[in-house]
Each structure stands twice: as C-alpha cells, then as structure tokens.
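Okay, here's what each chain looks like letter by letter:
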Amino acid sequence: MGRLFGTDGARGIAVTELTCELAMQIGRAAALVLTKKTSHKAKILIGKDTRISSDILESALCAGICSVGADAEILGVVPTPAVAFLVKERNADAGVMISASHNSVEFNGIKLFSSTGYKLSDEIEEEIEALILDNPGDITLKSHTEVGRITHSDTAVNDYIDHVCSSIDTDLSGLKVALDCANGSSSATAEKLFTRLGAEVMLLSSEPDGTNINLNCGSTHIDNLMAFVVDNGCDCGLAFDGDADRCLAVDENGELVDGDKLIAICAKAYKEQGRLKNNAAVVTVMTNLGFRYFAKDNGIDTITAGVGDRYVLEKMLEGGYNIGGEQSGHIIFLDDATTGDGQLSGARVLEILKNSGGKMSELADVMYKFPQVMINVRITPRDKEVWKNDSVITDLIEKHEQTLGESGRILVRESGTEPLIRVMIEGKDFSQINDMAVEIAETIKSRCAK
C-alpha cells in the first residue's frame, strides 16, 4: 500500500484528512505524470458521486489540473466505470473519479485512470506520490494563457448508458427487478438503463441529498432490498454501492447472491457459450472456498489475485482472462469494460437469468457457500504491519489453522481502504469458526486496537 493511495485510490475523511489542498496537489501531480508524454494540450475527465463533499473536492482537483496547464472536463454525477469508459471513448489523457465507494458520507476518495481506461499501476501511483510528498518543488505552475480550461459535459450519463446497453444482447422484458441505488451514482443511471433493456424496474434509495449515500442502503446494507423483493414479488433485486462499481443480487426468495456466486453464474454461462477465455475465472484470496469446489466440478480453472479489483485486473490482463472479481461484488467483464461495473454486472446476470427461463435461486444453486465469519478490528496507525510480528497473535492463528486443516481456512489482513484488520475464517462448522474468529479478533484488539 502506498503513502497516499490504498487499494482503490486516495481515501479519507473529506476536507480534514483528504483535504482540498491535497486534492489540488493530486490534481497537479496526476496531470503532470499522466500526460508527460503528450505533445498536445492534455484533457482530464472528472466524475463524482453524490456526497456533499464531492463538489468541494471537484473544485480543488480542477484548480490543480488547470494550474499546470491541462484542461478539465467535468462529467457530473456518474458511476466510476463511466469515467473509465469515457476516458478511452473520448480520447482523454486521464480520468478522475471522486468517490469513497461503499464508505459512509464523511469519507471521500480520488480514483485515477490512465488514458486506456485502466486504474493506475503501483509504479505510476508511486511516481505521483513522490511528486507530491518528496518533490513538490518540481511542480511548475502555468500562467497567462497557458492555464487550463474547465468545461462541462452534458452527455456523459447517456453515453455510458448507451455503452452498457450495447453490451447486452437479450431483451429483459418479463423480468421484474428491484434496484437499490444506495443514494449514489447509479441514481443517475439505473432506472433509465434497465428500463431501456426491457425490465420492469422498481427503485429503492434513489433520491440522493448529499448526506444519505450508503446510509442503511445499497450493497453494504442489503436487508431492505431482501425484504422489498419478497414483498413486491420481484424476480430478483440488484444492489449497488455509492459509485456503482459493485453489485450484489437478491433472489426471488430474498436470499443474498453475493459476488462469488455472481461470478460463478457468469463463468458457467460463459463456458457453456464458449466465451470463457482460457477456461478460467480470476478471484481473490477472500473468495469463498465454495467457489473453488464449484470451479473444479465445472472444469473451470481458478486464478487467485490479491484483494482489490486492480489486482484482479492485473491477473486478467497477464493471463488473457475475461471474467474476474471479488466477493464484495466488484466484477470485471474485460470484453466490455476496463474496471468493475456494477450495472453491467447486474445486466449480465439478468441476461443469463432471462435466457435460462428459470429462477434466480436456481442459478445461485450453482455454488455451495461455505460458512464464513468476518470480524473487523480497528487499529491505530502505529500498529499497521506491526501486528504481523506479534507472536501471541500469529501463534493463535497457526493453532486454529492446524485445527481446521483442509476443511477450512483463516485469512487475517489489513484493509486497503480503512484502518482495520479483517479476520476472516471459513469452515464447515459455523459455531467452531465463529469461536475462532472471535478469539483472534479479541486478541488483536487487546494487543493493538484503538
């Protein structure tokens, strides 16, 4: 993890941690690093989610970008994957998304995209970090007529919707779908997109007011959608997060269909259609053990990446794979997109559902999910990485790993976006793994938690 950038961009409490000054410096440094090989006047696209702080950071980023001579084109409220798509579609030199994704409203973040529409490599992010933190004197400001211009796009939303719709070949008529927009970016796109694809749409949490993004709604608070689907007789429900780069589903019985199951559904369909490139799906170390059993039963290879859709993408590009993603609902369909796209994922699953002629619960049965326990422990900055060398903690983890053997697994890791240690255990006996997880979490908390 870098000094400014985590697994998904720079992130912190808006204005006090992710300050306007830092946003302006990120704008300057990103513009210089990402456009240093261009001979023309550079153009950078800027999108944002619905947080009250997004306008503030947008202004700071625009100031930074234009102060070093690049132009800034403001896209308005759009999903993160819209920025990735439009950067490449419009031949821009870079893209910026202002969002803290699934985090609560006080947080915000800055995600950067290259001219190809892909998130930046660690090396490029480190170069930007070094310019901001180590060599700010190397940032040369423009003046007179050399400063950049700010323009506004009024077609970004429609252009993105056109793109997603062009990727789906099936008329979704006859499907009744509930969409939880998390009061975020998909509030600007989801109803029009899925209605255009033919589905009957019912909306939840689609009235953002700047303060209610992810507030008891969306993919991180899915209980409301579970109840809504059953109460309204929907065929399924889709839940997005704040910037709509992830999607989770709910079947007709109100049962959760998480990212692991959605990837399994899509990988199986792609294999049957002869579209699964190199006969593999890319998942992460957090992916449920049940996925590996599913893959083996269906003759599909499993490729494992680190946590974060950028690392999934790296594996996909390295191996020429076209489906990959995370349990959280970040799913990449590399034939159609350069990053995780919640609405594309949802539309793809609905396409498979419609063509199957069956029910969502039947599709989800493709994979048995091992019981899993996840506990988050908040830590202080000084304890980052230090806990790994605490023998009391590591010995306890090793003891429980030996008890589980091949019938389960333990993964303890730091979050890339929050000051947390995540304790995750899977196994056949829920009571057993829950006791183990609690013991490990309490031990970490007693030795290095806030």
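All chains use their own residue numbering, which begins from 1 and follows the written sequence. Local features in this predicted model are restricted to residues of pLDDT 70 or higher, and side-chain atom pairs are both shown and tallied only at a pLDDT of 80 or more, whereas totals for entire chains, interfaces and linings draw on every residue. Only heavy atoms go into the side-chain values, all of them from the structure, while hydrogens and water stay out.

Enquirer: What am I meant to see in the environment of Ser143 here?
Expert: By definition, any uninterrupted DSSP run of H or I lasting at least four residues is a helix, any uninterrupted run of E lasting at least two residues is a strand, and each is numbered from the N terminus. Inspection of the secondary structure puts Ser143 in the loop between α4 (122-133) and β7 (150-152). Type-normalised accessible area, obtained with a 1.4 Å probe on protein chains alone, sets the label of each residue: buried when under 20%, exposed when over 50%, and partly exposed for intermediate values. Assessed through its relative accessible area of 38%, Ser143 is described here as partly exposed. Sequence separation between Ser143 and Val15 is 128 residues, and the spatial gap between their C-alpha atoms is 27 Å.

Enquirer: When you look at unusual backbone geometry in this model, what are you seeing that I'm missing?
Expert: Trans peptide bonds make up the majority, and among non-glycine residues the majority have a negative phi. In this model, Asn278 sits at a positive phi of 55°, which is unusual for a non-glycine residue. By the element assignment, Asn278 lies in the loop between α8 (259-273) and β13 (280-284). Look at Asn279: it is not a glycine, yet its phi comes out positive at around 50°. Tracing the sequence through the fold places Asn279 in the loop between α8 and β13. Given the relative accessible area of 23%, Asn279 is considered partly exposed.

Enquirer: Looking at this structure, I do not really get the pattern of salt bridges. What am I missing?
Expert: Where side chains of opposite charge bring their charged atoms close, a pairing between them can arise. Salt bridges, as used here, are contacts in which a Lys or Arg side-chain nitrogen is within 4 Å of a carboxyl oxygen on Asp or Glu. Following the criterion strictly, the structure yields 23 salt bridges and no others. With a closest N to O distance of 2.9 Å, Arg90 and Asp159 form a salt bridge. Of this pair, Arg90 sits in the loop between α3 (80-89) and β5 (94-98) while Asp159 sits in helix α5 (residues 156-166), and the two are 69 residues apart along the sequence. Relative accessible area serves as the criterion here: at 18%, Arg90 is assigned to the buried category. With a relative accessible area of 28%, Asp159 lands in the partly exposed category. In this structure, Arg310 and Glu125 form a salt bridge, with 3.0 Å as the shortest nitrogen-oxygen distance. Placement of Arg310 in helix α10 (residues 309-319) and of Glu125 in helix α4 is noted, with a sequence separation of 185 residues between them. Exposure class is identical for Arg310 and Glu125. Each is buried. One salt-bridge network, held together by shared partners, links Lys43, Glu73, Arg90 and Asp159.

Enquirer: Can you help me understand the nonpolar core in this one?
Expert: One broad trend across soluble globular proteins is that nonpolar side chains are buried collectively. Here, the term nonpolar core denotes a set of buried Ala, Val, Leu, Ile, Met, Phe, Trp, Tyr and Cys residues that are joined through side-chain atoms within 4.5 Å. Ranked by size, the top nonpolar core spans 65 residues in total, and within it Phe194, Leu238, Phe291, Leu350 and Met360 carry the most contacts. It is α8 that provides the largest number of residues to this core, a total of eight residues. The contact definition used throughout considers only heavy atoms, calling two residues in contact when any of these lie within 4.5 Å. Setting aside residues up to four positions removed in sequence, Met360 forms contacts with Asp235, Cys236, Ala249, Val250, Asp251, Glu252, Val257, Leu262, Ile265, Val349 and Leu353. Of all hydrophobic cores here, the second largest spans 35 residues; its members include Phe5, Val96, Ile110 and Ile139.

Enquirer: Any chance you could explain the sheet that holds strand β12 (residues 256-257) here in plain terms?
Expert: Through backbone hydrogen bonds, the strands of a sheet pair up, either in parallel or in antiparallel fashion. The criterion for strand pairing is that DSSP finds at least two bridges linking the strands in question. Taken in spatial order, the five strands make up an open sheet running β9-β8-β10-β11-β12, and their pairing is mixed. A strand with exactly one partner marks an edge of an open sheet, and here the two such strands are β9 (200-204) and β12. When strand β11 (residues 247-250) meets β12, the two strands line up antiparallel, connected through two bridges. Along β12, the bridge assignment pairs Val250 with Leu256.

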